[in-house]
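Examination of the molecular architecture
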Amino acid sequence: MNTHYTATAKGLHWLMALLIFGLLALGFYMSDLPLSPEKLQFYSWHKWAGVTVFLLVWLRLLWRLTHRPPAYPSSMSGLQQALAHTGHLVLYVLMIVIPLSGWLMSSAKGVQTVWFGVLPLPDLIGRDKELGKQLAELHSALNIGLLLLIGGHAAAALFHHLVHKDDTLRRMLPVRANSKI
């Protein structure tokens, strides 16, 4: 029985983690900048990375559906397993809903999303200034929720590693299975 995720699952996990941390940092930074060409460039980069995360999450879901993840450690109680499963489900939902809320916000604000400056994506809704403001608030709130959930996810992995001394953290690390960590 394999107790570790596949190399592809690990690669997608850590690639998306890096992208999401970058998106969060850039998003919080750029939102308070005064309007300038630099701010507009940051928004473009943020959108490009957001669309990329949106596409990668579908690839990740497809991989997960076709490659069974390792079972939870036997030391995890039923409640812990249910919480872990729910946490992962909410992470996936947020990785879909947050980019969609950003795309909807851009559409409502009348600013088309153009992936990598090359592929224009269709507006999802018509221009509506008030709805754009509401979607901006929703996008921000969802990102704060994501940040909190990621913190809980990381804390749970560290708790399992440091307190329970089980394989929960090691099975997703991008290192060989027999490494001492």
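Just above sits the structure.
As a starting point, this report considers the structure included with it. (Residues numbered from 1 in each chain as written. Predicted model: local features only at pLDDT ≥ 70, side-chain atom pairs only at ≥ 80, totals over all residues. Heavy atoms only, no water.)

In this section: the overall build of the chain. Per the secondary structure count, the chain includes four helices and two strands. Put simply, the chain runs from its N terminus to its C terminus through helices and strands in the order α-α-α-β-β-α. Considering only intrachain contacts with a sequence separation of at least 6, the fraction spanning at least 24 residues in the chain is 66%. Distance between charge centres in the chain, computed from 15 positive and 8 negative side chains, equals 12 Å. (Helix = DSSP H or I, 4+ residues; strand = E, 2+ residues; numbered from the N terminus. Contact = heavy atoms within 4.5 Å. Lys, Arg positive; Asp, Glu negative; His and termini not counted. Charge placed at Lys NZ, Arg CZ, Asp CG, Glu CD.)

One non-glycine residue with positive phi stands out, namely F116, at about 55 degrees. Its relative accessible area of 45% is what places F116 among the partly exposed residues. Here K165, not a glycine, exhibits a phi torsion of approximately 55 degrees, which is positive. Topologically, K165 is positioned in the segment after α4 (129-164). (Buried < 20%, exposed > 50% of the residue type's maximum accessible area, 1.4 Å probe, protein only.)

Here we come to the pattern of salt bridges. Scanning the model with the defined rule gives one salt bridge in all. D167 is the salt-bridge partner of R170, the closest N and O atoms lying 3.0 Å from each other. The exposure class assigned to D167 is partly exposed, which follows from its relative accessible area of 22%. (Salt bridge = Lys/Arg side-chain N within 4 Å of Asp/Glu carboxyl O.)

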